[in-house]
Amino acid sequence: MKNICNRALSVAGALAVSTASAAAVAPDRTVLPIHEPVPPTYDTLDARNAKMPPPFSIKTPDGAPNVLIILIDDMGFGIPSTFGGPVPMPALDRLAENGLRYNRFHTTALSSPTRAALLTGRNHHVSNMGSITETATGFPGNTGQRPLSVAPLAAMLRYNGYSTAHFGKNHETAAWEVNPSGPTDRWPTRSGFDKFYGFMGGETNQWAPVIYDGMSTVEVPDDPNYHFTVDMTDKAIQWVNFQQAMTPDKPFFVYFAPGATHAPHHVPKAWIDKYKGKFDQGWDKLREETLARQIRQGVVPPDTRLASKPPFIQDWATLSPEQKKLYARQMEVYAAFAEHTDEQIGRLIQSLSESGELDNTLVFYIAGDNGTSAEGGANGMLNEMTYFNGVEEQVPDMLKKIDAWGDASTYPHMAAGWAVAGNTPFAWTKQVTSDFGGTRNGMVVHWPAKVKANGQVRSQFAHVIDIAPTILAAAGLPEPKVVDGVKQTPIQGKSLLASFTDPAAPARTSQYFEIFGNRAFYQDGWFARTIHRAPWETKPRAPLQDDRWELFDTRNDFSLSNDLAASQPQKLKALQQAFLVEARANHVLPLDDRLFERLNPASAGRPDLMGGRTSLTLSDGMKDLSENAFINIKNQSKTITAEVEVPAGGGNGVILAQGGRFGGWALYVKDGKPAYTYNFLGQTRTTIVSGESLPAGRSSLRFEFVYDGGGQGKGGEGKLAVNGKQVASGRIARTQPGIFSADETADVGMDNGTPVSEEYGVSRGVFNGKVRQVRVDVGIPPAAAAQPSGQ
């Protein structure tokens, strides 16, 4: 027996040695997750006589840095002071002084596509993000659903030993998947991030956001000084400090993506006051001033000219005093919003410095996911939702709210003239992927441990898909070939790591661009493009096959101001053909230039969570349903039927609401009396209210809206009934044909976010009784809608 035990011990020891030797072999990081070694088997009876194998753990390669990506929203090349702009951004300036400024870095000209390309290293169509998630279609390249063969950077880093966190804007999850039932595969915490704190869509109300922590909504503080950018920064600092306290030897990857400076432009008044009078010179003079600073700073060549602004943008000198007053205020608020955001980023950077982590943190501070937005149109907007509903706001009406611009009673955007100025020296803006005004964004790289060329400018032609491979290279990680059992589409970006130390390092030689039919192709300094539709235009300028193309030599024409198409027709033809080759290979074709039609799932051809249903039944506690996860009640008749329990003393609060202060509707009880309010874009509110209070106990409420028909956005007649008896009626003159909100939700028993009606009388409109059941029926005659069966 003793010999048997000795032999067993020898075998166990050999196995342990073998296991330890195997563990010493570098793991295969091209297949993720990294496979655990085969566990040894033992014949030893007593664990005290056996040698334990070393624990299996994944660690990053030696020297792998922390990584911080900062991505500002809707900020053009000509906004930040770091690139000659009029807005002081001290945090960005400080990083640039001790790092590198990239002046030929490009995005895709639109939110979701840029973010998908940034976080995968593949072109946006390869990531199925040819446009924003809300305008996805059924065509490959545009489905809004990242393929399994396109693993995100966060997953690659997490599988290799990083802690990962995402704060702020997501806008990468298919719109219909943002609901409590999922699928949740493409939510941030299922896409490689250990931590997510932010909002899911394209924008948010900074004063009253709908925020997720992981996959659960959180209630923001009822604090008049609350601001989301401040909140997300606090959470990011807390997470990094906690992560480093618990695992100081484990590097982190933080993706910090504020909703700023995307509309709505929300910022505390004290910041706005700093800019009073700073933009009275107007957008034309501002372009000249910005270009002069850019030349002095060396971020553009000394011979750079201002590209001619689009004819749609009026000369500042021709505007009325009222227009100048309003427009100047709009830019004051935007500038304040930008600087306020940079202040929060500065706090995050300072926290890293104080903890000693900044020196070995590779920071990418990207000043914009696209150019400055011209979606505010000619006049700007008090409520950005007017854009999505085809309503043009007028200067006299907006002037009435000029002193409130940027506060919680507004949801504002600025006039397009400021967008062109914000993209100086270029001519165009966000959405126009065929102009550098839409795609060229200033980027600063800061990494004291490795980047010593402080304050220098790098002019390699770079694209947002280059960031992911740069990070992998900096961390000493190979590109994965298989992730979660799925063979991967190769990363298409080119690492910029060599440019950190070599200003003449080779750059990418070609890149395609396409958004909503605007398209271009870059190759060896030449740039061919067509402007198919401007952001303020609802229809294309010409059929796709008849678009007019232009040609530029960017080696001698930084701002794209000298069209060479007439003198170089063969070069133009070659680049047009090269675009088509890349378009076929990257799922860009067929081109889809529809705009508002793509907001509707049925016309866009994408999945609809409601699946053509005409009825939806909900109950108490069901809340935070995004517009894409709720039955579509627009442009048709609807019936809302609710079974409620009212406490003794009378009811108060919301039964069912959708939208908020800037557009929506609500069925609620105020001082015991049932009421229905339709809020048309925050401009007019129509309330139909009963003259009688609900009795204590159970009651059945029914609101019928009979749509006039004859097109979209029409009015109709509303009728309110209690226990089968009509108690009130009224006419609703207009309804919103497009969307109610980009971030507000539908809620049962409350109204999260901002209130549809200011008359609830209780915080968040929380109903003091019980909503046993509420059903919404659409598209059928109201009389045919059956009563709810739940009793």
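The numbers attached to residues start from 1 for each chain and follow its sequence in the written order. In view of the model being predicted, local features appear only for residues whose pLDDT reaches at least 70, and side-chain atom pairs are presented and counted only at 80 or more, with totals across whole chains, interfaces and linings using the full set of residues. Water and hydrogen atoms were dropped before computing side-chain values, which therefore reflect all heavy atoms in the structure.

Overview of the overall build of the chain
Across its full length, the chain carries 14 helices and 30 strands. The globule rule used for comparison is 2.2 Å times the number of residues to the exponent 0.38, while the radius of gyration itself is calculated over C-alpha atoms. Against the compact-globule benchmark of 28 Å for 791 residues, the chain has a radius of gyration of 28 Å, which places it among compact chains. Across its three principal axes, the chain shows a C-alpha extent of roughly 90 × 85 × 50 Å. Taken over 791 residues, the chain has a buried fraction of 60%. When checking whether two residues touch, look at their non-hydrogen atoms; a contact exists if any pair is within 4.5 Å. Sequence-distant contacts in the chain: of pairs separated by 6 or more residues, those separated by 24 or more amount to 73%. Accessible surface area values rest on a Shrake-Rupley calculation with a 1.4 Å probe, where residue burial reflects the displayed protein chains alone. Within the structure as shown, the chain displays about 29,400 Å² of accessible surface, and the carbon and sulfur contribution to it stands at 52%. Neither His nor the chain termini are counted; the positive set is Lys and Arg, and the negative set is Asp and Glu. Just so you know, the charge point we use is NZ for Lys, CZ for Arg, CG for Asp and CD for Glu. For the chain, the distance from the average site of its 76 positive side-chain charges to the average site of its 81 negative ones is 3 Å. The helix count covers DSSP runs of H or I at least four residues long, the strand count covers runs of E at least two residues long, and both are numbered beginning at the N terminus. Burial classes follow relative accessibility: with a 1.4 Å probe on protein chains only, a residue under 20% of its type's maximum area counts as buried, one over 50% as exposed, and anything between as partly exposed.

Remarks on the sheet that holds strand β30 (residues 770–778)
Through backbone hydrogen bonds, the strands of a sheet pair up, either in parallel or in antiparallel fashion. The six strands are arranged β20-β30-β21-β26-β27-β28 in an open sheet whose pairing can be described as antiparallel. Edge positions in the sheet fall to β20 (615–618) and β28 (725–732), since each of these pairs with one other strand and no more. With strand direction ignored, the average angle separating the axes of adjacent strands in the sheet is 10 degrees. Here, strands pair whenever DSSP counts at least two bridges between them. For strand β27 (residues 716–722) and β28, the ladder comprises seven bridges, and the chain directions are antiparallel. Bridge pairing links K719 to S729 in β28. To get an axis, fit a line to the C-alpha atoms, keeping to the stretch in contact for a helix; angles then go from 0 to 180 degrees between the N-to-C directions.

Notes on the sheet that holds strand β29 (residues 746–748)
Spatial ordering of the open sheet is given by β25-β24-β23-β22-β29, a layout of five strands whose pairing is antiparallel. This sheet does not close on itself; its edge strands, each paired only once, are β25 (684–689) and β29. Within the sheet, the average angular offset between the axes of one strand and its neighbour, ignoring direction, is 10 degrees. In terms of strand pairing, strand β22 (residues 653–660) meets β29 through three bridges, oriented antiparallel. Its bridge partner lying in β29, L656 is registered against V748.

As for the packing of helix α2 (residues 90–97) against helix α8 (residues 321–354)
α8 packs onto α2 with a crossing angle of 50 degrees between their chain directions and a minimal axis gap of 7 Å. Taken together, α2 and α8 sit at an angle that is classed as oblique. Contacts between α2 and α8 involve P90, A91, L92, R94 and L95 on the former and, on the latter, D342, I345, G346 and I349. Note on terminology: angles under 35 degrees are roughly parallel, angles over 145 are roughly antiparallel, angles of 65 to 115 are roughly perpendicular, and the others are oblique.

Considering the pattern of salt bridges
Take a side-chain nitrogen of Lys or Arg and a carboxyl oxygen of Asp or Glu: if they are within 4 Å of each other, that pair is a salt bridge. If you walk through the whole model with that rule in mind, you get 41 salt bridges. In this structure, the salt-bridge partner of D315 is K309, at a minimum N-O distance of 2.6 Å. Accessibility expressed as a relative area gives 40% for D315, which makes it partly exposed. Residue K309 is classed as buried on the basis of its relative accessible area, which comes to 19%. Linking E375 and K430 is a salt bridge whose minimum nitrogen-to-oxygen distance equals 3.3 Å. Residue E375 is found in the loop between β10 (361–366) and α9 (395–399), and its partner K430 is found in the loop between α10 (416–422) and α11 (436–439); the two are separated by 55 residues along the sequence. Residue classification places K430 among the buried residues on the basis of a relative accessible area of 3%. In the salt-bridge network here, residues are joined through shared partners; they are D435, R529, R548, E550 and D563.

A look at α8
The span one expects for a helix is its residue count, reduced by one, times 1.5 Å. With 34 residues, α8 should cover 50 Å at 1.5 Å per step; its first-to-last C-alpha distance of 49 Å lies within 8% of that length. Count one or two residues on from α8 and you reach G356, which has phi positive near 85 degrees.

Let's talk about the side chain of D557
Mapping D557 onto the fold places it in the loop between β19 (549–553) and α13 (569–585). Although D557 is buried, it forms no salt bridge, and the closest oppositely charged side chain is R305 at an N-O distance of 5.4 Å. Counting of polar contacts relies on pairs of N or O atoms within 3.5 Å, with two restrictions inside protein: one atom must be capable of donating a hydrogen and the other of accepting it, and residues adjacent in sequence are counted only when both atoms are side-chain atoms. Only 2.9 Å separates the side chain of D557 from the backbone nitrogen of N562, close enough to count as a polar contact. With sequence-adjacent residues up to four places away left out, D557 is seen in contact with F552 and N562.

Considering the pairing of β20
Put simply, side chains in a regular strand alternate between the two faces of the sheet. Of the two faces of β20, only one is covered, namely that formed by L616 and L618; the face formed by S615 and T617 stays uncovered. Pairing of β20 with β30, which is carried by four bridges, proceeds in the antiparallel orientation. By the bridge assignment, L616 is partnered in β30 with V776.

Observations regarding the packing of aromatic side chains
Between 30 and 60 degrees the pair is tilted, below 30 it is stacked and above 60 it is edge-to-face, where a pair is any two Phe, Tyr or Trp rings, Trp via its six-membered ring, whose centres lie within 6.5 Å. Under the criterion given, the structure shown has 34 aromatic pairs. Their ring planes at 25 degrees and their centres at 5.6 Å tell us that W283 and Y327 sit as a pair that is stacked. Placement of W283 in helix α7 (residues 282–297) and of Y327 in helix α8 is noted, with a sequence separation of 44 residues between them. Since its relative accessible area comes to 3%, W283 is described here as buried.

Topic: the side chain of E203
Turning to its location among the elements, E203 is positioned in the loop between β6 (195–199) and β7 (211–213). Buried within the structure, E203 lacks any salt-bridge partner; K430 is the closest side chain of opposite charge, at an N-O distance of 6.8 Å. Within the local environment of E203, its side chain forms a polar contact with the side chain of H262, the two groups lying 3.5 Å apart. At 2.9 Å, the side chain of E203 forms a polar contact with the side chain of Y411. Excluding its chain neighbours within four sequence positions, the residues that come into contact with E203 are H262, A263, P264, E384, M385, Y411, A742 and D743.

That is the geometry; function is a separate question.
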